[in-house]
Amino acid sequence: MRGVETRIQEIRHAVFTEVAKMAYEEGPVDKKIEALPYKIIPGETGNFRNDVFLERAIVGERLRMAMGLPYRGAAEPAPVSDGIMEADKPEGYYTPPLINVIKFACNACDEKKVHVTDGCQGCLAHPCMEVCPKKAISLDRVTGKSIIDQDACIKCGRCATVCSYNAIIVQERPCAKACGVNAIENDKVGRAYVNPDKCVSCGMCMVNCPFGAISDKSQIFQLARALSEGEQIIAEIAPAFTGQFGDNINARNLKAALEELGFSQVYEVALGADIGAIAEAHHYVEKVTTGELPFLLTSCCPSWAMLAKKYFPDMIDEVSQELTPMVATARTIKKEHPNAHVVFIGPCAAKKLEASRRTIRSDVDFVLTFEELMGMFNAKGVTFDDITDDEKVDLCEGTGDGRGFAVSGGVAKAVADVIHKLDPEREVKVVSAQGLKDCRKLLTLAKAGKYDGYLLEGMACPGGCVAGAGTLQAVEKSTALVNKYAKDAPLQNSLDSKYEINLGLITEPHDDNK
């Protein structure tokens, strides 16, 4: 529902804004957080659930997760502030699970259901009856309309495809339908449950739940606290930012706005993408074209890499071990500013878990989504209209190919462009997939030998990073704006970066299992 400001988005934005405000202000945090559900859900009656107490309880759990605290069920008798001191620290890492179902917010939707709507005209043909393999459809002898026996129905949907009036619909649980790894299951009472052994933390279930019952954890409180205390904190921002904060917000005024929040400097993650493109180009030429590896999988999308390692463990050696753009940029920053804290700001939920891995903790101190960053802007009253021309400074650190990483197909293009510049006659075979279902299909075909000699790019979110769980605008709009942002870059090929691309930054293997 990105790009549509629903009631769910309003509540999420309010939660992030209030948590950031709480971090900026002085005073006891435990008392403040207890009052916030009443501020966010005011009045005597509920807005949509017809129960103001339930709405406040749900907001209470959202507030806790926004502070990085664990979710609690309705049976646990404790105040919202329970364990708050664990969150009231200058920094902290995410503890699994990252993605959580707020059980008492879940509607316990049917996993899949086929039913006849009022649009049924009781036609003479009744093709729905003829195609049903289980004879689960009968006629109402009074109205002539179709009736489906839910016990006999196998949810194949054939009846829906032949109805001339589109009067039969197939409904699926939205969160489960959005999950490409079938990680959404049922608990004992039919509510959604995220199986941590299957989940790869892409966050698509969270985006697609129309009841707002799924939420992830955040470091917004800890980051706002650190900024308010004057620590040296440097932001690295992903190229998918274009358009996220308004149609007229570009790299120049966004950088100035981040400095108003207290960031000492701002880097473009496209810099790390350029490093990654060059490294993976060398990897492909040295390992795949020589036949040492059958194919190479890109590694910049953590959910895609996790998918490969969880579901196709035999492919671990084929997953690129090069640093992701987030980590490569962070290492560049810390080489220049060894005492600074680094914050990755981007569209991705899974990056939160990537940054918490043992081998990466020293590189990336905080991860923030665009949605969470907007909450910080709101909390501090930062408006882009207040930024003068004198304050605006271009980022201009990444090439067009580096910026293009944010869109599906962009990683493979960048790697291929590097190879073609180094060796114009070299054949580079690439294929890309977007969305976890298509990614699984691609890996299945690769395992069967259908993509030997290829560079395989996978993006867990349909559309690429521009469709990440932490974005604020419609995917199509983001795609167009990122493509323009990439096209407008002064330099296009990653090899042309004005930075001295230091592959020596990759001094230890990037191991997603740690």
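Residue indices follow the written sequence of each chain, beginning from 1 at its first position. Under the rules for a predicted model, residues below a pLDDT of 70 receive no local features and side-chain atom pairs below 80 are neither given nor counted, while totals for whole chains, interfaces and linings still include all residues. Water and hydrogen atoms were dropped before computing side-chain values, which therefore reflect all heavy atoms in the structure.

## Digging into the pattern of salt bridges
The term salt bridge refers to a side-chain nitrogen of Lys or Arg lying within 4 Å of a carboxyl oxygen of Asp or Glu. For the structure shown, the criterion picks out 25 salt bridges. For the salt bridge of Lys-103 with Asp-187, the shortest nitrogen-to-oxygen distance reads 3.5 Å. Taken together, the positions of Lys-103 in the loop between β1 (99–101) and β2 (112–116) and Asp-187 in the loop between β6 (184–186) and β7 (192–194) put the pair 84 residues apart, joining distant regions of the chain. The two residues Lys-103 and Asp-187 agree in class, both being buried. Of the charged contacts, one joins Asp-365 and Lys-334 as a salt bridge, the two residues approaching to 2.9 Å between their closest N and O atoms. Helix numbering and strand numbering both begin at the N terminus, where a helix is a DSSP run of H or I of at least 4 residues and a strand a DSSP run of E of at least 2. Only protein chains enter the accessibility calculation, which uses a 1.4 Å probe; a residue is then buried when its area is under 20% of its type maximum, exposed when over 50%, and partly exposed in between.

## Remarks on the pairing of strand β14 (residues 429–434)
The side chains of a regular strand alternate between the sheet's two faces. Sheet topology note: the β14/strand β15 (residues 454–459) ladder contains 6 bridges and is parallel. When the bridges of β15 are listed, Val-431 appears paired with Leu-456. Seen with its strands pointing away from the viewer, a crossover is right-handed if its path from the first strand over the helix to the second goes clockwise. For the crossover that starts at β14, traverses helix α18 (residues 436–447) and ends in the parallel β15, the hand is right-handed. DSSP-based pairing: two strands are paired if at least 2 bridges between them are found.

## Quick word on empty space enclosed by the protein
Every definition here rests on a 1 Å grid over the protein atoms only: cavities are sets of points where a 1.4 Å probe fits but cannot get out, pockets are open sets enclosed by protein on both sides within 12 Å along at least five of seven lines, and lining residues have some atom within 4 Å of a point. Grid points are joined across faces, edges and corners, and a volume is the space filled by probe spheres set on the points. Under the defined criterion, the tally for this structure stands at 8 cavities of 30 Å³ or more. Taken as a whole, the largest cavity encloses approximately 310 Å³ of empty space. Considering the residues around the largest cavity, the lining is formed by 25 residues, among which Cys-300, Pro-347, Cys-348, Lys-351 and Cys-465 are closest to the centre. If you list the elements that add at least two residues to the lining of the largest cavity, you get α12 (302–311) and α13 (325–336).

## Examining the sheet that holds β14
In spatial order, the strands read β11-β15-β14; together these 3 strands make up an open sheet with parallel pairing. The sheet is open, and its two edges are formed by β11 (296–297) and β14, each paired on a single side. Two strands pair when backbone bridges link them, and β11 and β15 are joined in this way by 2 bridges, in the parallel orientation. In the sheet register, Leu-296 faces β15, and the bridge partner there is Leu-455. Two residues form a contact once any of their heavy atoms are found within 4.5 Å. Think of each axis as a best-fit line through the C-alpha atoms, taken over the contacting stretch in the case of a helix, with angles from 0 to 180 degrees between the N-to-C directions. Against the sheet, helix α17 (residues 410–422) engages β14 and β15, with an angle of about 150° to β15.

## Examining the nonpolar core
Among the nonpolar cores identified, the biggest contains 155 residues, and Leu-258, Phe-263, Ile-345, Met-376, Phe-377 and Leu-456 are the most heavily contacted of them. Sequence-distant contacts of Leu-258, that is, excluding residues within four places in its chain, are made with Ile-237, Phe-263, Val-266, Ile-345, Leu-373 and Phe-377. By nonpolar core is meant a set of buried Ala, Val, Leu, Ile, Met, Phe, Trp, Tyr and Cys residues that side-chain atoms within 4.5 Å join together. Among the nonpolar cores identified, the runner-up in size contains 13 residues, and Cys-132, Ala-136, Ala-160 and Ala-167 belong to it.

## Examining helix α1 (residues 7–24)
Under the convention used throughout, the expected extent of a helix is 1.5 Å for every residue step, that is, one less than its residue count. Between its terminal C-alpha atoms α1 stretches 26 Å, which fits the 26 Å expected from 18 residues at 1.5 Å a residue. Among the 18 residues in α1, 14 count as buried, and that is most of the element.

## A word on helix α2 (residues 29–40)
Helix length check: α2 (12 residues) gives 16 Å between terminal C-alpha atoms against 16 Å at 1.5 Å per residue, within 8%. Residues of α2 that are buried in the fold lie against α1, α3 (52–66), α4 (84–87) and α9 (220–228).

## Considering the sheet that holds strand β10 (residues 265–268)
On the basis of which strands lie adjacent, the open sheet formed by 4 strands has the order β10-β9-β12-β13 and parallel pairing. A single partner strand is all that each edge strand has here, and the edge strands are β10 and β13 (366–369). On average, each strand axis in the sheet is inclined to that of its neighbour by 25°, with strand direction left out of account. As paired strands, strand β12 (residues 341–346) and β13 are joined by 4 bridges and run parallel to one another. Each bridged residue has a counterpart across the sheet, and for Gly-346 the counterpart in β13 is Thr-369. Against the sheet, α13 contacts β9 (233–237), β10, β12 and β13, and its axis sits at roughly 150° relative to β9.

## Focus on the confidence of the model for the chain
Note: pLDDT gives the predictor's confidence per residue, expressed from 0 to 100. Mean pLDDT over the chain works out to 92, with 94% of the residues at or above the 70 mark. Across residues 506–514 the pLDDT falls below 50, and counting only partners more than four positions away or on other chains, this stretch makes 27 contacts in the model.

## Points about unusual backbone geometry
With phi around 50°, Lys-135 is a residue other than glycine that occupies positive phi space. Locating Lys-135 in the fold gives a position in the loop between α5 (127–131) and β3 (137–139). The phi torsion at Asn-182 lies on the positive side, around 55°, for a residue other than glycine.

## Brief notes about the packing of α1 against α9
Closest axis-to-axis distance for the α1/α9 pair is 8 Å, and the angle between their directions is 35°. Remark: the crossing between α1 and α9 carries right-handed chirality. Only Ile-220, Phe-221, Ala-224, Arg-225, Leu-227 and Ser-228 of α9 make contact with α1, whose side of the interface consists of Phe-16, Val-19, Ala-20, Met-22, Ala-23 and Tyr-24. Under the scheme applied here, ten amino acids are nonpolar (Ala, Val, Leu, Ile, Met, Phe, Trp, Tyr, Cys and Pro), four are charged (Asp, Glu, Lys and Arg), and all others, including Gly, are polar. Here the contact of α1 with α9 is built from residues that sort into 10 nonpolar, 1 polar and 1 charged. Here is the rule for handedness: rotate from the far helix to the near one, and if that takes an anticlockwise turn smaller than a right angle the crossing is left-handed, while a clockwise turn gives right-handed.

## Here we look at the packing of α2 against α3
Between α2 and α3, the least distance of the axes is 9 Å, while the angle of their chain directions is 130°. The angle between α2 and α3 places the two elements in the oblique class. As α2 runs across α3, the sense of the crossing is right-handed. In this structure, α2 uses Ile-33, Leu-36, Pro-37, Tyr-38 and Ile-40 to contact α3, whose residues at the interface are Arg-56, Val-59, Gly-60 and Leu-63. Within the contact of α2 with α3, the residues separate by chemical class into 7 nonpolar, 1 polar and 1 charged. When an angle is under 35 degrees it counts as roughly parallel; over 145 it counts as roughly antiparallel; between 65 and 115 it counts as roughly perpendicular; any other value is oblique.

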